[in-house]
Structure formats: structure tokens, C-alpha cells
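Listed below are the residues making up each chain.
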Amino acid sequence: MERERLFGKTLAELTLVAEKMQLKPFAAKQMADWLYKKSVTDIGQMTNIPAVKRQEMQQFYEIGTAQPVESVASSDGTKKYLFRADGKGYVEAVAIPDKERVTLCVSSQVGCKMNCLFCMTGKQGFSGNLTSGEILNQIQSVPEFPQLTNLVFMGMGEPMDNLDELLKALEIITSSYGYAWSPRRITVSTIGITSGVLRFLRESDCHLAVSLHAPTSEIRRTLMPVERPYPFKKLLDELRNYDFSGQRRLSFEYILFDGVNDTDKDAEELARWLQGLMCRVNLIRFHAIPGVSLQGTQMSRMTRFRDILNEKGIICTIRASRGEDILAACGMLSTSKIEQTLKK
């Protein structure tokens, strides 16, 4: 019989486990403490639960954490970790040190349904959603876990397409029974599935980042098929109804492609759409991927684009490019692993 995994369960779910095992209700909090604060790898290590009950639990449950199967390090300190997702393939997490900060980029799906032109993960197709435990395992199982200061859900997959498991993971990360992180240390990125975004804003206090990458619907459709069912203009209308004047941050991710979306006119049009929104824009350098003719914009053009937005009153920065010597584009390492497996 396949055992159920405890890691990734919320306190409410652990309470049900305690009831099933005929334990006192407070045993759920004890289990959460062992899972998320003490990082145990075996039920037998939960020493404040009666030994006979631990033995009984091991018939039905396991912890369910796993170490990375591979890692690669960049000369700039960035490290990519590859995790096996049971029966679904591989996912990546990326640790990015920067002075006093260490940010981990986390995946939410194996592959992706969205098939953005510029994304290697989309070229894999979609293999499955990660469970909350598989999402959290990327965080707790990297060596940098004790030093992490920030999390960004900008790895493989579309978080709003796996929202139930994402919200469970975020609850555990931010709850007192879990990692007790402030939601202000967490950013979730989306390509703009409107219904998911609105639910995320209602049920979470984490920052929101929207992958925009174009100033017009026409250009965006050539890059991102999601523009057809979820036009960015309608999403912007919804976001204008939300108050971002407090501590919660709204940002827009914008990859610059040479000759596609990087002209002065494009910058001015983008500023027009974002005018009046409490937001910032992060300009991103494109990491080339096989089989795609898109080219990244020169730094001088990126600087010009940034300056136009700033002059129009839109806070804009250029994100530093990291890990270019270790298959930097999202999905490259996992794709390489899949190809190696197929050749065997």
C-alpha cells in the first residue's frame, strides 16, 4: 500500500490525521512542528508522539521529503537544483545570493500548458501539477534554506493554474505553525489568468508579479497565447479596483526582445496602460533558448526603455542577469535531464 505523505499538509489536514490515528487534537500541532520547524525525515523522530502510535502511523504515512537529484553552480553564486516530481518528470529551483539577500525561485508545475514563445518550460508541454508538499520540498531541501530571505514563484509552471496547492503551500510558509514567514517576503508571478489572480488577491497577502512582455494585445498574442482568453487590458481593469497603496506590491515583468517590443513607442504605450496603477516594472534580459529566433535587446536599448518609463512616472528597474553559464533560462536544466533520460 502506498503511504500518504505528511509533508505539505496544512494544520487542518494534520488534525484529520490525528483524528484518524486516535491521537489528541494537539498532536496535529506537534506534527507540524516536526515537519516544518525541525525538518524531520522520519516519523520515528517525532518523539513527543507515543511510540506505539508512531509505529502505527508508519504503516499509513511517510514524511515525503526528498533531496535534489542534481545541482549546478554558476560563477556568480547562483545555484540551480533539480528535483524529481514523482511520475511526472523534473522541476527546478534556483537559489540567488545577492549581498545580504538569498532568494529562491520556486516551481509550481512540471512543464506548463501556456506555451509562451520565449519559455523553455512551455516547450516541454504539461506533465502535471506539483502538490503543496512538492512545492515546499524545493524550499526546505536546498542547502540555502536557513539563509533564505525571499521566495519568488517564477520557476516552472503557471502558479494560477495550480492555485489550490499553491495556496496551501503559502499558508504553511506564512503560518505560525509552519515557517512563519511574512508574506511580504514572497512574490507570486503569473501570466495573467484573471480569475486565479483575483482569488489569489483575496486569499493571500503575498506580492503579485504579472508577466506582461508587450505593450499591445497584438504583440502579446504573438508571444503569449494566453492573451486570447485573458486579455491583459481586462486584467489591468480588475487590478485598478484593488488597493496596492499599502505594503503589498504589484509589479510587471517585461522581457525585452530585439525589434519586437523594445522601441520608444512601445515604452510610451506601456506607460500609458500602467498610468495610475501603484506598480513597478522589472525589465528582464532574454536568455536565448533552442529553436526560437527571438534575440535579447542590447543594454543601451534596455536603459533607454527604462528611462522613458521613469520619465512617465512609472518606477522601472533592470533586473540583473544571473546564472548565464548554467543553462540560465527556466526549464533548460530539466529539459536537459529529460533528454539524457530518453537517450538511455
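Whatever comes next refers back to the structure up there.
Residue numbers here run from 1 along each chain, matching the order of that chain's written sequence. The model is predicted, so local features are restricted to residues of pLDDT at least 70 and side-chain atom pairs to those at 80 or more, both for listing and for counting; the totals for chains, interfaces and linings are taken over all residues. To obtain the side-chain values, all non-hydrogen atoms of the structure were used and water was disregarded.

Some thoughts on the pattern of salt bridges
Throughout this description, the term salt bridge denotes a Lys or Arg side-chain nitrogen within 4 Å of a carboxyl oxygen of Asp or Glu. Going through the model one piece at a time under the given rule, you end up with 19 salt bridges. Taking the shortest distance from any N to any O, the salt bridge between Lys-113 and Asp-161 comes out at 3.4 Å. Placement of the pair is Lys-113 in the loop between strand 7 (109–111) and helix 4 (120–123) and Asp-161 in the loop between strand 9 (150–153) and helix 6 (163–174), with a sequence separation of 48 residues. Of the residues examined, Lys-113 reaches a relative accessible area of 48% and is grouped as partly exposed. Among the residues examined, Asp-161 registers a relative accessible area of 22% and is labelled partly exposed. Of the charged contacts, one joins Glu-253 and Arg-319 as a salt bridge, the two residues approaching to 2.4 Å between their closest N and O atoms. Highlighted residues: Glu-253 in strand 12 (residues 250–256) and Arg-319 in the loop between strand 14 (315–318) and helix 12 (332–343), separated in sequence by 66 residues. Put simply, DSSP marks the helices as runs of H or I at least four residues long and the strands as runs of E at least two long, and each gets a number from the N terminus on. To sort residues, take the accessible area from a 1.4 Å probe on protein chains only and compare it with the maximum for the residue type: under 20% means buried, over 50% means exposed, and anything in between is partly exposed.

Topic: the nonpolar core
Nonpolar side chains tend to gather and get buried jointly when the protein is soluble and globular. For this analysis, a nonpolar core means a set of buried residues of the types Ala, Val, Leu, Ile, Met, Phe, Trp, Tyr and Cys, connected via side-chain atoms within 4.5 Å. If you look at the biggest cluster of nonpolar residues, it comprises 104 residues, and the most contacted ones within it are Leu-170, Ile-173, Phe-200, Leu-239, Phe-252 and Leu-274. Any two residues whose heavy atoms approach within 4.5 Å at even a single point are treated as in contact. Setting aside anything within four residues of it in sequence, one finds Leu-170 in contact with Phe-153, Ile-186, Val-188, Phe-200, Ser-204 and Cys-206.

A short note on the pairing of strand 9
For a regular strand, the rule is simple: side chains alternate between the two faces of the sheet. Side chains Asn-150 and Val-152 project from strand 9 onto one buried face, and the interleaved Leu-151 and Phe-153 project onto a second face that is buried too. Relative to strand 10 (residues 186–190), strand 9 runs parallel, the two sharing 3 bridges. Considered in strand 10, the bridge of Val-152 is made with Thr-187. Seen with its strands pointing away from the viewer, a crossover is right-handed when the path leading from the first strand over the helix to the second is clockwise. The parallel pair strand 9 and strand 10, bridged by helix 6, forms a crossover whose chirality is right-handed. In this analysis, strands are considered paired if DSSP registers two or more bridges between them.

Coordinates in, geometry out; function isn't part of it.
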